[in-house]
Each structure stands twice: as structure tokens, then as C-alpha cells.
Amino acid sequence: MINVSSGKYTYRLRGDTTSVEHELELLYPDSLSLQFSIADFDIEIQQTSALRTLLRPQVTLNIEGHKPFNPIHPSKLLPSIEWAMNWCVSAYDHSKLLVHCSVAVKNGKAVLFPAKSGSGKSTLATFLGLNGWHLYSDEMAIINIDTGYVEPVFRPASLKNESIEIIKPFVQTSEQYMSAITKGTHKGDIAHVRTMSKRVFDSLEPCKIAAVLFLNFDKNQKFNVYEIDKSVGFAKIITNGFNYSVIGEPAFKALVSIVNQATILEVSYAQMLDVKDLITELV
Amino acid sequence: MTQTGISKSTFLAVLNQTESIEALKPEQQDALLRVAIAAHMHGILANIVDNTSSLPLPLTRHFSSVNTFSIAQKAQVIATSKLLSEQLMSISVPVLLLKGAAYIAGHKVNAKGRLISDIDILVPSEALTRVESTLQKNGWRAKPLNNFDEKYYREWSHELPPYIHNETGVTLDIHHNLIPLSSGKTINIAQIHAKKVAVGSNLYIPSDAYLILHSAIHLLLNDDTQKGLRDCFDLHLLIQAYLLSGSIDSLRAIFSDAKCDLEFSILVNLLNRIFNQQYHEILLDNVKRLSWHEQVLVNSLYNTIFPKTDYLQDNRSTLARQHVYIHGHLSKMPLLLFIKHIGYKGYRSIVKRLLGETFFEPSPPK
């Protein structure tokens with residue numbers, strides 16, 4: 001059993017964790033514990049069948065009695081654990097407004113990149129996290145409904161396929177780390193990136209959302225920025241909401257004030273540096 | 001890890017509010033949360049706790065989240081029921097809600113924090129074709145099934161294959177009877193319709209006695225008992241509330257009419273075994289005494305209603321689960337059909353055990 005703390009939630013991993021322990025130690029420094037503590041979420045690594053322990057072994061993740069993912073070979077466990085950790089929060093935490101996006105912070109101001117997976121939001125946010133910004137999350141904005149502030153979690157970013165080679169050169173300091181690549185998952189090759197030390201993470205505070213950027217990446221296009229209407233921006237954020245309709249009215253009110261105070265842009269880009277320059281002006 | 005877990009009696013004591021969560025050790029509080037989630041009962045637990053702020057953060061956060069979720073789900077049940085009642089009004093078919101949706105719409109004692117996974121309705125069997133075509137025109141589609149399951153639903157079951165709403169994703173189970181056609185038992189559906197209680201325009205729930213009968217049938221004739229404890233808690237609260245104004249005789253008569261005298265007795269014995277409340281003594285005096293093998297069945301049921309989880313002590317129940325599985329099926333279908341059914345399901349179960357639970361599921365798109 002290993003307890004993994006993301007600074008906000010505690011995850012208990014049970015079952016055979018040997019294949020992931022080394023990477024977890026590097027991705028979650030000062031955040032793993034073998035001591036009992038009450039966990040937010042319980043994730044058990046289970047063998048799918050007796051025969052399969054010997055022949056074409058498979059494991060599956062049992063999360064609080066649910067098995068939302070297909071079984072995988074034990075060597076592909078790490079990305080599945082990361083996805084399971086995301087799934088736990090989006091399925092069970094309705095005390096915060098959760099929006100599917102990456103969050104980068106500078107000067108105490110947050111920029112949100114709402115998008116579905118495969119849009120390049122993680123690549124850009126990881127790039128920012130390794131270049132003077134703080135990566136609050138590469139998967140979801142955790143928003144306090146009362147204050148409208150976005151809260152940080154100590155979780156690595158997940159990169160897919162060609163993004164891995166793009167980001168690799170930027171992982172330079174001892175506070176940063178890129179995991180070994182897990183090849184051939186259902187999303188392709190996956191690597192995880194820690195962009196800061198636990199000490200830096202502990203200094204982070206919840207912060208105000210200054211801008212929301214809807215990104216379109218295409219390597220053959222010019223850099224283009226459009227300011228979009230607040231109500232359109234509001235609607236687009238909702239389509240990326242995990243629990244907007246569950247929370248209801250308080251989520252509506254929180255989002256209205258966020259949209260009113262934030263700059264909302266649609267950005268077409270080919271170079272991540274262009275986006276970095278743009279948002280540096282916004283914070 | 002020394003995994004202590006929580007005993008069944010401590011879990012039940014918290015549910016019955018004779019033990020407070022604060023008084024438990026941290027290991028027990030953790031196990032309580034895990035068991036409650038696995039039993040689909042953490043919403044009910046969250047409603048029992050008066051003041052969550054004194055509890056450890058993971059419990060406080062889960063309880064407050066599930067409260068939010070259950071309020072949203074109730075709103076969705078009410079909105080969907082209203083929509084259904086309007087859609088089926090156009091073909092003059094009344095919508096009679098069952099189970100969780102009925103408890104919510106009827107504000108029953110057991111509705112607080114109770115989560116549901118689908119909406120169940122009962123419609124007259126002669127209206128089924130019209131109901132299906134009306135729903136299909138209004139954004140509902142039938143869930144695709146394999147041929148065996150489709151045949152099971154259409155020929156032997158008491159409900160249609162589930163429908164799903166295209167936009168909201170709500171699952172709808174359309175029943176035309178409360179008991180599988182193959183069980184040999186029949187419930188007087190006309191009586192259920194005659195005694196139904198209006199909760200809205202063209203929207204109804206069964207009378208309290210029929211709510212209890214249906215919940216009991218669902219529990220005792222079901223082979224899937226992962227939510228068994230939740231169902232027992234429903235029955236405990238519903239019967240307790242029923243006896244405040246209704247008589248034991250009238251409740252027993254409803255079970256008798258459905259040829260479920262034995263089931264009533266098994267139910268009362270089971271509830272007494274689990275919750276051991278004072279009102280059970282009066283009930284026990286008024287039901288058929290159980291033979292030894294019926295007592296064994298009560299014992300097996302007791303051992304299977306708790307969810308499968310490592311956090312519950314003394315929860316080794318494979319034999320009991322098989323006993324309940326066979327009993328559940330034999331009550332639903334004649335022996336020959338059971339053999340055919342078990343042949344098919346048994347083959348799939350062996351393959352799953354050897355090659356993994358998801359062996360029969362289609363591969364995900366690349």
C-alpha cells in the first residue's frame with residue numbers, strides 16, 4: 001500500500017505497485033507515505049484472472065468498487081494510475097467547480113486553457129510550467145465556488161506522442177523530471193512531467209483567473225488572437241465542465257463572475273512562444 | 001498494511017445512529033467511507049450525520065459532495081419524470097414511477113441521500129409498443145444488447161431492454177410487470193394501477209404497500225446483491241413508516257395475493273437479523289415460521305447483501321452468493337430455463353474468470 005498526496009487529495013494505492021514505485025517516487029517527491037491515513041480515494045490494482053497472472057498478464061484498477069478503465073498489461077500501469085487519479089476527483093468531488101483544462105499561473109494570476117484531450121493544452125501548459133510559470137494542473141481547474149479562485153495540485157503533467165520530444169529539451173533543473181515513456185497505451189506513448197519541487201508547490205496559493213484561452217494548434221498557421229464575447233466564452237467553458245450541472249446555481253454564479261473579470265480569447269498558434277508572450281502581457 | 005476494516009455490526013450501528021462516526025478510530029472511519037461508497041450508501045450516511053465539520057476532511061468532503069450530487073439527481077429525476085408524463089400523456093398512458101424515482105417523487109422516508117442509477121416506470125403491457133415508439137420519437141433510444149440478453153428481456157423478463165436519453169444520458173427501465181414472466185408468480189398489476197397515488201399530472205407512484213412489495217421482490221428474487229444492504233435499509237424504513245398508520249394484516253395480504261407469503265416471512269427474518277428493531281418482534285409473531293433450509297437461506301442472504309470490499313470484516317461470502325444466485329434464478333424461472341440460462345452464463349463466467357472480466361466487451365476504438 002502506498003499513499004500518494006497531491007497536496008489536496010490523498011490516494012491510497014493497493015495491490016502490486018512494484019512496477020510503478022520507482023517512477024512514483026520521482027514524480028511525487030516528499031508526497032508518498034506507507035503510513036495509514038484516511039484516504040480521499042482508494043485505488044486497488046487487481047489481477048483480472050488467475051490464468052492471466054501467467055499468460056498475457058493483465059491488471060485492472062478498482063476505484064471504490066468501480067472499474068472505469070479497460071484492463072492493461074502491468075507494464076502500462078503508470079498512465080492508468082494517473083488517469084484513475086483524475087477520474088476520482090471528477091467523479092467524487094463536487095465541493096469545487098471542476099473544468100477540463102490546463103492551468104498556468106504567474107504573478108498570482110491564472111490563465112486557463114479549456115479543451116478536450118488531444119488539443120495541445122497539456123503540451124503548452126507543461127512548456128509554461130518549465131519556463132517561469134507554475135503549472136497548477138494539466139487536466140482540470142479546481143475552482144473554489146465562493147471565491148472563484150483556482151487551486152493548485154501537486155500532480156505531474158501527462159504528455160502524449162510527439163509532445164514528449166517537444167518538451168524533453170526544456171526539462172533541465174533538478175526540480176524538474178520527465179518519467180520513462182510508457183509505450184502503446186490506448187492514447188499512444190505517454191510520459192509524465194513534474195515541473196516543480198514539493199517546496200515550490202507548498203508556496204503556491206489559490207489565485208484569481210485573469211484569462212481564459214481557447215486554443216487551436218496548427219503548425220501551418222499564423223498567430224491569430226480574437227477576443228470572444230463573454231456569453232460565448234461562458235457557454236464554451238460550460239461544455240468543458242465536469243460537474244457544472246451537478247453543482248447548479250452556485251457554479252453558475254461563480255462562473256459569471258469569473259467570465260466578467262477575465263479576458264477571454266480564441267487563439268490560433270503554431271509557436272508556443274507566441275502564446276507565452278501574449279499571456280505574459282495579460283498577467 | 002494491517003487492514004483492520006470495519007465490522008458489519010459497527011457499520012450497521014452507524015447506520016442506525018446508535019454509534020457516532022466521531023467515536024470510531026481513524027481506520028474504522030476510513031473503512032466506513034469505503035464500505036458506504038461500495039454499498040451505494042454514502043449519500044444516506046451523509047444525511048445521517050448532523051455536523052460533518054468535526055469529521056476528518058476526506059469524510060467531510062465526500063459527504064458534502066454526495067449531498068450536492070443527490071440534490072442534483074433529485075432535480076433530474078423530477079424533471080425527467082415530468083417530461084415522461086407529458087410525452088406519454090399524448091398516447092394516454094399514465095406514468096407510474098417505481099423504486100428510487102418513486103421514493104423521490106413521493107418524498108418517502110428513505111429518499112434522503114438515496115442515489116439512483118436509473119428511472120423505473122411501470123406501464124400497461126398492452127401499451128408497450130406505443131410507449132416504445134413515442135419514446136423513440138422523443139429522444140430516447142434502446143441500449144444495444146447481445147442476442148441472448150435481448151431474447152432474455154423480450155421473452156422472459158418483466159421489463160424491456162433499458163432506454164437511454166440522447167441528451168441527458170438518463171437510463172429508463174420500462175416495466176410491464178413487477179415479477180419476471182417466467183417465475184410463475186403474478187402480481188395483480190390492475191390493482192397496482194387502481195391503488196396508485198398521484199404525484200403530478202399523469203404521474204403516479206404505487207401505494208405504500210405495493211412499494212414495499214416491489215422492493216422486497218426486487219431484493220429476494222434478484223441475483224445481483226451489490227446494493228442489497230441499501231435495499232434492506234429501504235425496506236426497513238418503509239415498513240417502519242407503514243406500520244405507523246397501516247396494519248400488519250393489510251401488508252401481509254398484499255404479499256399473500258402475490259403468492260409471496262414465504263418471501264414476506266424471509267424478509268421479516270432478514271430485516272430482524274440485520275437491524276434488530278423492536279417492531280420486528282410484532283412482525284415475527286405474525287409471519288410463517290421458517291423451516292431449517294429457509295433459515296439457511298436467510299443466513300445466505302445476510303451474508304450476500306453486504307458489498308464485496310476488503311474493508312468489511314468477515315465478508316467471505318462466495319458460497320452464500322452462489323446460494324442466493326441459484327435461489328434468485330430458480331424463483332424467477334422454471335428449472336429447464338434455469339439450466340439453459342446457467343449454461344450460457346456459466347460458460348461466459350468461466351471464460352471471464354480465465355481471461356478477464358472484459359473479455360466479451362468490444363475493444364475500444366484506437
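Predicted, not measured: the structure shown is a model, and the values here were computed from it. (Residues numbered from 1 in each chain as written. Chains lettered and ligands numbered in written order. Predicted model: local features only at pLDDT ≥ 70, side-chain atom pairs only at ≥ 80, totals over all residues.)

### Remarks on the overall build of chain A
Selection criterion: Each helix is a run of DSSP H or I of at least 4 residues and each strand a run of E of at least 2, with the numbering of both proceeding from the N terminus. Every C-beta atom is placed from the backbone, and the number of other C-beta atoms within 10 Å of a residue's own sets its class: buried at 20 or more, exposed at 12 or fewer, partly exposed in between. Once C-beta atoms are placed from the backbone, any two residues with those atoms within 7 Å are in contact.
Counting its regular elements, chain A contains nine helices and 17 strands. Reported as C-alpha extents along the three principal axes, the dimensions of chain A are approximately 60 × 40 × 35 Å. When burial is assessed residue by residue, chain A has 44% of its 283 residues classed as buried. Sequence separation of at least 24 residues holds for 71% of the intrachain contacts in chain A that already meet a minimum separation of 6.

### Observations concerning the sheet that holds strand E5 (residues 59-63) of chain A
All names here are of chain A. Rule in force here: Here, any two strands with at least 2 DSSP bridges between them count as paired.
The sheet built from five strands is open, its strands ordered E3-E1-E2-E4-E5 with mixed pairing. Edge positions in the open sheet fall to strand E3 (32-33) and E5, since each of these has one partner strand only. Pairing geometry for strand E1 (residues 2-5) and strand E2 (residues 10-15), over four bridges, is antiparallel. The residue bridging Val 4 from the neighbouring strand is Tyr 11, located in E2.

### Points about the packing of helix H9 (residues 208-220) of chain B against helix H11 (residues 248-257) of chain B
Residues and elements named next belong to chain B. What counts is decided by this rule: The axes are straight lines fitted to the C-alpha atoms, using for helices just the contacting stretch, and the angles between their N-to-C directions are given from 0 to 180°. Comment on the angle field: the value is read as roughly parallel under 35 degrees, roughly antiparallel over 145, roughly perpendicular from 65 to 115, and oblique elsewhere. Put simply, a crossing is left-handed when the front helix is turned counterclockwise from the back one by less than a right angle, and right-handed when it is turned clockwise.
Remark: H9 packs on H11, axes separated minimally by 10 Å, with the N-to-C direction vectors making an angle of 50°. Compared by their axis directions, H9 and H11 come out oblique. Relative to H11, H9 is oriented so that their crossing is right-handed. Residues Ala 209, Tyr 210, Ile 212 and Leu 213 of H9 form the contact with H11, whose own contacting residues are Ser 250, Leu 251, Ile 254 and Phe 255.

### Looking at the sheet that holds strand E4 (residues 163-165) of chain B
Residue and element names in this part refer to chain B. Sheet architecture is open: seven strands sit in the order E3-E4-E5-E2-E1-E7-E6, paired in mixed fashion. The open sheet has two free edges, formed respectively by strand E3 (140-142) and strand E6 (197-200), since each of these has just one partner strand. Between one strand axis and the next, the sheet turns through 35° on average, direction left out of account. Relative to strand E5 (residues 171-175), strand E2 (residues 119-122) runs parallel, the two being bridged by four bridges.

### Side note on the nonpolar core
How we decide: Take the buried Ala, Val, Leu, Ile, Met, Phe, Trp, Tyr and Cys residues, join any whose C-beta atoms are within 7 Å, and the set you get is a nonpolar core.
Counting residues in hydrophobic clusters, the biggest one holds 172 residues, and the most contacted among them are Val35(B), Leu97(B) and Ile121(B). Of all the elements, H9(B) adds the most residues to this core, at nine residues.

### Describing the environment of Lys67(A)
Residues and elements named next belong to chain A. Residue placement: Lys 67 occurs in the loop between E5 and helix H2 (77-92). Expressed as a C-alpha distance, the spacing of Lys 67 and Ala 141, which sit 74 residues apart in the sequence, is 24 Å. Excluding its chain neighbours within four sequence positions, the residues that come into contact with Lys 67 are Thr 60, Leu 61 and Asn 62.

### What to know about the environment of Tyr242(B)
All names here are of chain B. Turning to its location among the elements, Tyr 242 is positioned in helix H10 (residues 228-245). Once the C-alpha coordinates of Tyr 242 and Ala 194 are considered, the two residues, 48 residues apart in sequence, prove to be 19 Å apart. Residues in contact with Tyr 242, not counting those within four places in the same chain, are Asp 208, Ala 209, Ile 212 and Leu 251.

### Concerning the confidence of the model for chain B
Residues and elements named next belong to chain B. Condition: The pLDDT value expresses, per residue, how confident the predictor is, ranging between 0 and 100.
Summing up the model confidence of chain B, the mean pLDDT is 86 and the portion of residues at 70 or higher is 82%. Mean pLDDT across the secondary structure elements of chain B bottoms out at helix H16 (residues 335-355), with 62, and peaks at strand E7 (residues 203-205), with 98. Here the predicted complex carries an ipTM of 0.93, next to a pTM of 0.89.

### Digging into the pairing of E5(A)
Residues and elements named next belong to chain A. Buried residues dominate E5, accounting for five of its five residues. Of the two faces of E5, the one carrying Val 59, Leu 61 and Ile 63 and the one carrying Thr 60 and Asn 62 are both buried. One ladder, built from five bridges, connects strand E4 (residues 41-47) with E5; its direction is antiparallel. When the bridges of E5 are listed, Ile 43 appears paired with Ile 63.

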